[in-house]
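Observations on chain architecture
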Amino acid sequence: MNKNILEKIKVETLKANPELNEPHKNLHEKEVRVVLKNCDIINPEDINHYIAKDGYFAINQILTEMSQEDVIKVISDSGLRGRGGGGFPTGRKWDFAYKNENDTKYIICNADEGDPGAFMDRSVLEKDPHSILEGMMIAGYAIGAETGFIYVRAEYPLAAERLQKAIDDALELNILGENIFGTKFNFNIEIRLGAGAFVCGEETALIASIEGNRGMSKNKPPYPAIEGLYGKPTIINNVETLANISQIILKGSKWFRSFGTEKSPGTKVFALAGKIKNTGLIEVPMGITLGEIIHDIGRGVGNKRKFKAVLTGGPSGGCLTEKHLDQEVDFDTLVALGSMMGSGGMIVLDDHDCMVDIAKFYLDFSVDESCGKCTPCREGTIQLYKLLEKITNGEGTLAHLDKLKKLSKAVKKTSLCGLGMTAPNPILSTLEHFYDEYLAHVTHKVCPASSCRGLIEKYIIQDNCVGCTICAKRCPVQCITGERKGLHVIDQDACIQCGECFASCNFDAIITK
Amino acid sequence: MSIYVLEEQLNEFKIEVINKYRDTKSPLMQILQESQKRYGCVPVEVQEFISKEMNITTAKINGVVSFYSMFSLIPSGRHILGVCTGTACYVKGASRLVERVEALLDTEYGSTTEDGCFTLAHTRCVGDCAQAPVIMVNDEFNGKVTSDDIPKIIARHRGKNCKK
Ligand SMILES: Cc1cc2nc3c(=O)[nH]c(=O)nc-3n(C[C@H](O)[C@H](O)[C@H](O)COP(=O)(O)O)c2cc1C
Ligand code: SF4
Ligand code: SF4
Ligand code: SF4
Ligand code: FES
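Residues numbered from 1 in each chain as written. Chains lettered and ligands numbered in written order. Predicted model: local features only at pLDDT ≥ 70, side-chain atom pairs only at ≥ 80, totals over all residues. Heavy atoms only, no water.

1. Notes on the nonpolar core
In this structure, Tyr56 and Trp94 of chain A together with Leu81 of chain B are the most contacted members of the largest nonpolar core, which totals 114 residues. Of all the elements, helix α7 (residues 129–143) of chain A adds the most residues to this core, at 9 residues. Leave out the neighbours within four places in its chain, and Leu81 of chain B touches Val101, Tyr109, Phe118, Thr119, Leu120, Ala121, Ile135, Met136, Val137 and Ile154 of chain B. Counting 43 residues, the second largest nonpolar core, distinct from the first, contains Ala205 of chain A together with Val17, Tyr39 and Tyr68 of chain B. (Core = buried A, V, L, I, M, F, W, Y, C linked by side-chain atoms within 4.5 Å. Buried < 20%, exposed > 50% of the residue type's maximum accessible area, 1.4 Å probe, protein only. Helix = DSSP H or I, 4+ residues; strand = E, 2+ residues; numbered from the N terminus. Contact = heavy atoms within 4.5 Å.)

2. Let's talk about the domain arrangement of chain A
Segmentation of chain A into domains returns domain 1 (3–256), domain 2 (267–350), domain 3 (355–443) and domain 4 (457–512). Taking only C-alpha atoms, the centre of domain 2 of chain A and the centre of domain 4 of chain A are 32 Å apart. (Domains from an automatic or database assignment.)

3. Side note on the sheet that holds strand β1 (residues 106–111) of chain A
Residues and elements named next belong to chain A. Judged by pairing direction, the sheet is parallel, and its 4 strands sit side by side in the order β3-β2-β1-β4 without closing on themselves. The two strands at the open ends of the sheet, each matched to only one other strand, are β3 (188–193) and β4 (234–238). Neighbour-to-neighbour, the strand axes of the sheet open up by a mean angle of 20°, direction not taken into account. Alignment of β1 against β4, held across 5 bridges, turns out to be parallel. Bridged to Ile107 within β4 is Ile235. Strands in contact with α7 are β1, β2 (147–152), β3 and β4; relative to β1, the strand with the most contacts, it is inclined by about 150°. (Pairing = 2+ DSSP bridges. Axes fitted to C-alpha atoms, helices over the stretch in contact; angles between N-to-C directions.)

4. Here we look at the site of ligand 1
All names here are of chain A. Lining the immediate surroundings of ligand 1 are 18 residues, of which Gly84, Lys93, Gly114, Asn238 and Thr241 lie closest. Here an oxygen atom of ligand 1 and a backbone polar atom of Gly84 are 2.7 Å apart. Note that an oxygen atom of ligand 1 is positioned 2.8 Å from one of the side-chain N or O atoms of Asn238. When the free accessible area of ligand 1 is taken as 610 Å², the share hidden by the protein chains comes to 87%. Going through the elements one at a time, β4 and α16 (418–422) are the ones with two or more residues in the shell around ligand 1. When residues of the shell around ligand 1 are assigned to their parent elements, the largest contribution, 3 residues, is made by β4. Residues belonging to the shell around ligand 1 are distributed by class as follows: 3 nonpolar, 9 polar and 6 charged. (Near = heavy atom within 4 Å. Polar contact = N/O pair within 3.5 Å; in protein donor to acceptor, adjacent residues only side chain to side chain. Areas by Shrake-Rupley, 256 points an atom, 1.4 Å probe, with all protein chains shown as cover. Nonpolar A, V, L, I, M, F, W, Y, C, P; charged D, E, K, R; others polar.)

5. Observations regarding unusual backbone geometry
Omega for the bond connecting Lys220 of chain A with Pro221 of chain A falls within 30 degrees of zero, at -10°, which places this linkage in the cis form. Following the sequence through the fold, Pro221 of chain A ends up in the loop between α9 (203–210) and β4. Non-glycine residue Ser26 of chain B carries a positive phi angle of around 45°. With respect to the secondary-structure elements, Ser26 of chain B resides in the loop between α1 (7–21) and α2 (28–39).

6. Comments concerning the interface of chain B and chain A
Across the contact, 35 residues belong to chain B and 54 residues belong to chain A. Counting each side, the surface lost to burial between chain B and chain A is near 3600 Å², with a carbon and sulfur contribution of 53%. By the criterion of area lost to chain A, the three top residues of chain B are Phe67, Thr87 and Arg124 of chain B, representing 19% of everything that side buries. Where chain B packs against chain A, one counts 6 salt bridges. The residue Arg96 of chain B makes a salt bridge to Glu500 of chain A at a minimum N-O spacing of 3.1 Å. Linking chain B with chain A are 29 residue pairs in polar contact (both at pLDDT 80 or more). At 5 residues, the largest contribution of residues to the side of chain B that touches chain A is made by helix α4 (residues 58–67) of chain B. The residue makeup of the side of chain B that touches chain A, split by class, is 14 nonpolar, 12 polar and 9 charged. (Buried area = accessible area lost by both parts, 1.4 Å probe. Salt bridge = Lys/Arg side-chain N within 4 Å of Asp/Glu carboxyl O.)

Quick look at the structure:
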């Protein structure tokens, strides 16, 4: 394999498939395509399609023209920051591992995508798997590694299948393997499947899992770049981080910096979900305002409901509200606002969602997923969950709110790894922005969003019912009666207070008491 | 103690799985995943067999099996039904769907129906959040599910390979 062959494949494939040069369809004017540039354009199972879109030209270029330092410099100059949540500068991380001399080093792609409600990485893995392989190879060359692992979460079997096909095809063309592009560079990639543990997205736990152990976190330092997989220098990068690499090499760090802000250059892929009209993946320049994402691209909450908040950063993050709609979305702003970028999941909430209940949901998740190694996280998250449960059941007091805050801070401070250190964030953030809602639960025993069933006595249909019959269809005990287009009534004796009718009425005809 | 994987299956497991991974680095997870895939579980007899063949203590193997939620000790029912309870599905009413499924199947989350037809599996985000709420039955994807869809979904699979 050499550049001429690549060129030849490119020209022939483009000739046979002119549609590969068509632009992306249905893009909002504020969207861009860098990370997702090949998604829904190429056939992910055809390596020639990837080559036709300049695939593997970057690895060829660095192997034939650039030193390891050159590569690290371009990535450092681009200002690329890790998209896995923390936003650590990628070039700086590579430099640590490069300078840490060792015969054996490793590259790991973190494809664990643990945030429940985020699906950016899945799309890239399934729709453009070669871009991840190329990113890993470039990282491997830069730091001096010959082996890469992709740790894919078990829930993504199709992603694993496509990656394996991509690896096999690249091996066949000798784009992976020994003496790549006729140089001394060797690189091989293996896939490892997760087995359903969120904490394995944390880098030291992920390493433990690849080594065949329980996925438990370790104290840092030492950082993996110094002492990682099998004790060797190891670079762990997120899927989206790696998907940026080959394009930065080909187009330069200046080009990359033409997107985004000074401190958060480039684009970010967000997964919009929840109470928003346009759900799905979007890619936008960093620094776009929250309002542009929610209202312009996402087209608002719809269904006559009112926008209430957006959750970012998943179980480690927090919420942003109405008053943040003008804020720019980048790594540092979100942290300053008490949330975080996380991997890019954005769950939109409307006025029917209770913030205390959401905090409880996230704590339930963290209780489930705590690896149990350290007490503050293992026991602390359970205590926090129990406090929230009391509050949503109407058994909360003002003292509980105080305790909630204090304990949250203690768990953050004393936990060993990122999971415990961030698990209380959803509580602290909702306490800060929706304190009134907590107060209503403990002092008036009312859930303003009509969501906490422990605080609801009954559901009542009002005169503005238009008789659409939806609630009657969905009631699990068939206790709602009424003619089509006629007023509906709930048989209160039979009602089991499940809340299904309240959630399904599109006409605000049902209220709670 | 029930036996879920027979002697001759273990032999086959040795030839097709253990021998393949024997000389690779840190093969335990992959071997356990193969067992889960083939037998729907990693029961004690398989753990002991791996221990003997690979020279890894049963304590270590059991520790790994119990840590990861994908591994189970007993086989699941014919169909694995999972209501996604990731964040996107949760805010779209997944917990009510869970209650509905539990009531219709008369089984709690995490267990198997008496007739062995359905196992209700904990599921946290299957990566299709734009279609929330989501119910998976084996590999079958059901998006934007409403509570009145559930009896239909259950009936459709009850018919397949189930006694009742
Ligand atoms: C509890 C926990 C879960 C994490 N889950 C993920 C994940 O699913 N995917 C990911 O890329 N990073 C995850 N991370 C961050 C990784 O530890 C690591 O920082 C990241 O993969 C580094 O890659 P990057 O520099 O390219 O962002 C998680 C961290 C913690 C503490
Ligand atoms: S903080 Fe939680 S997840 Fe991390 S090591 Fe401690 S117990 Fe395990
Ligand atoms: S709350 Fe549930 S049981 Fe009661 S009327 Fe509404 S849907 Fe029926
Ligand atoms: S869903 Fe609302 S509008 Fe429709 S019948 Fe029920 S109460 Fe009336
Ligand atoms: S939260 Fe249910 S599919 Fe992601």
